[in-house]
Amino acid sequence: MSLIQKEISDFSVQAYQNDAFRTVTKEDVLGKWSVFFFYPADFTFVCPTELEDLANKYASFQAAGCEIYAVSCDTHYVHKAWHDASERIRKIQYPMLADPTHTLARDFGVYIESDGVAERGSFIVNPEGKIVAYEVLAGNVGRNADELLRRVQASQFVAAHGDEVCPAKWQPGAETLKPSLDLVGQL
């Protein structure tokens, strides 16, 4: 079953961000573009490389009007301890959401019941709170922040230009396509 256009459920979770704890709710997400970036667990192996990659691109996501929410089934206390212990994680400025009750992981369909952790899932959520793009990978394969940013920008473009679509490898400013009878068989 596809999650495209699924509205995210109401939620309220604790987050660690910029040396402080705070509550993040669905209301905080509405009205802007968001990426929910699920990862299996703090103090692991592939996860810090991905989160550092996102941290290095965070300014670009912010410039695109998109907030990143890193999510694991750890508590906000564990997020802080990892932040304090890891040079890579110390770079993070975006919110790290705590999901120890697995509410978010279940809502986004990435909870692994037998392991008590989330799959490696990336979800782009539009300002209305609906999922417009996602991918879920095996736990042993890391993701690429550049490609995720490109997909956010493409999703934003098609939301603003409903009669145009973005071809493979599209980048902002590149040519788009206008689906029509004239294009059938011409590409």
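Not measured: the values here are computed from a predicted model.

Cut-offs applied
- Residues numbered from 1 in each chain as written.
- Predicted model: local features only at pLDDT ≥ 70, side-chain atom pairs only at ≥ 80, totals over all residues.
- Heavy atoms only, no water.
- Pairing = 2+ DSSP bridges.
- Helix = DSSP H or I, 4+ residues; strand = E, 2+ residues; numbered from the N terminus.
- Axes fitted to C-alpha atoms, helices over the stretch in contact; angles between N-to-C directions.
- Contact = heavy atoms within 4.5 Å.
- Buried < 20%, exposed > 50% of the residue type's maximum accessible area, 1.4 Å probe, protein only.
- Polar contact = N/O pair within 3.5 Å; in protein donor to acceptor, adjacent residues only side chain to side chain.

Strand pairing in a sheet relies on backbone hydrogen bonds, with the paired strands running either antiparallel or parallel. The strand order across the open sheet built from seven strands is β2-β1-β5-β4-β3-β8-β9, with neighbouring strands paired in mixed fashion. Both outer strands of the open sheet, β2 (20-25) and β9 (131-137), are each paired with one neighbouring strand and no more. Adjacent strand axes in the sheet meet at a mean angle of 25 degrees when their direction is disregarded. As paired strands, strand β1 (residues 12-17) and β2 are joined by six bridges and run antiparallel to one another. Its bridge partner lying in β2, Y16 is registered against F21. Contacting β1, β3 (33-38), β4 (66-72), β5 (96-98) and β8 (120-125), helix α2 (residues 46-63) runs over the sheet at an angle of about 165 degrees to β4. Across the sheet, helix α5 (residues 145-160) lies against β3, β4, β8 and β9, angled at about 145 degrees from β3, the strand it touches most.

You can see S9 is positioned in the segment before β1. The exposure class assigned to S9 is partly exposed, which follows from its relative accessible area of 34%. Residues S9 and I131, 122 residues apart in the sequence, show an inter-C-alpha distance of 11 Å. In this structure, S9 is in contact with K26 and D107, ignoring residues within four places of it in sequence.

The next point concerns the side chain of E52. Within the secondary structure, E52 sits in helix α2. When residues no more than four places from it in sequence are discounted, the contact partners of E52 are R88 and K91.

Bringing the environment of K32 into the picture now. Structurally, K32 can be placed in the loop between α1 (26-29) and β3. When its relative accessible area of 31% is taken as the criterion, K32 is described as partly exposed. Between the C-alpha atoms of K32 and E67, which are 35 residues apart in sequence, the distance is 7.7 Å. Polar side-chain contacts of K32 include one of 2.8 Å to the backbone oxygen of D28.

No statement about biological role is implied by the geometric values presented.
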